[in-house]
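Observations on the model geometry
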Amino acid sequence: MSFKKVITSVIVMSMVAVSALNTVAANAATVDETQEAITNNKSETAKLLKDIATANADNIKLQQQITDNTTKIETTKTNIDQSTQKIATLKTQITSAKAEVQKRTTVLKAQLVALQKQTGDTVSGNVYFDFVLNSKDFSDLVARSFTVNKLNQASKSALEDVKAAKAEYSNLMTEQETTKSNLQSEKTSLEAQQTDLKAMKAKSDQQQDALNQKVNDNKATLEALQTQYDEAASALKVANDTKAKETKVVKTAVSTKDTSDKAEATSTSNDSKASTSSKIENKTSDNSESKKSNDDSDSQGDGSTHGNVAGNSYAWGQCTWYVKQVAPWAGNNWGNGGQWGASASAAGFRVDHTPSAGAIIVFVPGQSVGGQWTADPTYGHVGYVQSVSGSSVTITQGGMGFANAAGPNTATLSDGGSYMYIHR
């Protein structure tokens, strides 16, 4: 092969290599951009899930207010019914008292008539006076006067007692009617509040539905981005392999120039170039093997450096490491604890606010962990649900903030519906 042909081959190969380099750069840029888009999507989804958690907490409060208000309304209705019954009873008692007054008055008149008959024809026109005048002697006069006085006192006392009872019943009825009126006003106010609370609850439900729809939209986008990333990464690998092969061809072409028309010095020079090329190639190979070795070490993780174990990509001593250990079905590379809801949703797992034993509980960044402490404002937190009792959940967790970083550290949280759960 002539020197001219060799030079031409080298130039052509160089152009191909430059083209391959441009292709690799383009593919690498695509991979980086897609990875950035995936990260942004997960961050946006994590924010949406945090908003959903907040909305859900508000929703729970509204539902509790509605329940409390319903109880108050029912209690008020019962009080109104009791007041109505008391008013009816008092009306009956008042009617009886009126009848008793009439009866006592009739009896008194009858007594007076009886006295009149005993005294015979009236002398003075006053029955009591005639009754006294007809006394036989002083003793009879005293006896008759005492009798008349007693009779008057008894009749008067009886009438006063009955009238007092009637007045008391009337006052009690007025009081009950006032109480009933106040209760009815309170009931009307509570019913108006109930209407407002239900409207707020409906609006909160709509807000949650809208946020959930956005999460689902993000999930579809994330799946598309993941596919795009896989394709770009595959294309980048092919481009890198092609680049490596073409670079090797160029080096071989340069080192195998035709030396038939060259002097021994040229041959020596060629030998020197070939030697230099061989050193460069060997150095490149050594660096590649070294990088591969380092990559293998990072990806496998023998536990001596990062405390990782087979099948668990998370760092030892983190809450994510502990949950992956007790729930191996959880995915690797789901990100920080606060991002697990978005990552799990994208992976096809059911994510909601309904606690269940065996689920993973997610605390978004800055969320209170049962009022005992607050999840990291940047990373969030995750735990494992051991059991559920009513609205309370018992969880185990790990992390550097606990006495036992590798877990389990047990805690019981109230208002379980305020948190996010990943179900297997």
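Below you will find a few notes about this structure. (Residues numbered from 1 in each chain as written. Predicted model: local features only at pLDDT ≥ 70, side-chain atom pairs only at ≥ 80, totals over all residues. Heavy atoms only, no water.)

Within the protein chain, the regular secondary structure consists of six helices and eight strands. Here the contacts in the protein chain between residues at least 6 apart in sequence split such that 66% fall between residues at least 24 apart. Per element, the accessible surface of the protein chain, about 25,100 Å² overall, is 52% carbon and sulfur. (Helix = DSSP H or I, 4+ residues; strand = E, 2+ residues; numbered from the N terminus. Contact = heavy atoms within 4.5 Å. Areas by Shrake-Rupley, 256 points an atom, 1.4 Å probe, with all protein chains shown as cover.)

Burial of the side chains of strand S2 (residues 360-363) extends over both faces: Ile360 and Val362 are buried on one face and Ile361 and Phe363 on the other. The pairing of S2 with strand S5 (residues 381-389) spans four bridges and is antiparallel. What sits directly across from Phe363, in S5, is His381. In this sheet, strand S8 (residues 420-423) lies alongside S2 in antiparallel orientation, the contact comprising three bridges. Across the sheet, residue Ile360 finds its bridge partner in S8, namely Ile422. (Buried < 20%, exposed > 50% of the residue type's maximum accessible area, 1.4 Å probe, protein only. Pairing = 2+ DSSP bridges.)

Moving on, we come to the layout of surface pockets. Each pocket or cavity is described by its volume, and for the second largest pocket that value is around 380 Å³. In terms of lining, the second largest pocket is formed by 22 residues, of which the most central are Gln318, Cys319, Tyr379, Gly380 and His381. Where the lining of the second largest pocket is concerned, the elements lending two or more residues are helix H5 (319-326) and strand S4 (373-374). (1 Å grid on protein atoms, 1.4 Å probe; cavity = no way out; pocket = protein on both sides within 12 Å on 5 of 7 lines; lining within 4 Å. Points joined across faces, edges and corners; volume = space filled by probe spheres on them.)

Further remarks concern the environment of Leu413. Tracing the backbone through its elements, the reader meets Leu413 in strand S7 (residues 409-413). Along the backbone, Leu413 and Gly370 are 43 residues apart, and their C-alpha atoms lie at a distance of 4.8 Å. Setting aside chain neighbours within four positions, we find Leu413 in contact with Ile361, Phe363, Val369, Gly370, Gln372, Ser391, Ser392, Val393, Ile395 and Tyr419.

Moving on: the sheet that holds S8. Reading across from one edge, S1-S8-S2-S5-S6-S7 is the order of the six strands in this open sheet, with antiparallel pairing throughout. The sheet is open, and its two edges are formed by strand S1 (350-352) and S7, each paired on a single side. Strand after strand, the sheet turns through a mean of 35° between neighbouring axes, direction not considered. Most of the contacts of H5 go to S5, to which it runs at about 45°, and overall it touches S2, S5 and strand S6 (392-397). (Axes fitted to C-alpha atoms, helices over the stretch in contact; angles between N-to-C directions.)

Now for the pattern of salt bridges. Applying the stated criterion to the full structure yields four salt bridges. One salt bridge connects Lys77 with Glu74, and the closest N-O pair in it is separated by 3.9 Å. Here the residue Lys77 and the residue Glu74 both occupy positions in helix H1 (residues 3-119), the gap between them amounting to three residues, near one helical turn. By relative accessible area, which is 33% here, Lys77 ends up partly exposed. Exposure remark for Glu74: the relative accessible area of 44% places this residue in the partly exposed category. (Salt bridge = Lys/Arg side-chain N within 4 Å of Asp/Glu carboxyl O.)

This part covers unusual backbone geometry. A cis amide bond links Gly407 with the next residue in sequence, Pro408, at an omega value of 0°. Mapping Pro408 onto the fold places it in the loop between S6 and S7. Look at Asn333: it is not a glycine, yet its phi comes out positive at around 60°. Here Asn333 lies in the loop between H5 and helix H6 (340-346).

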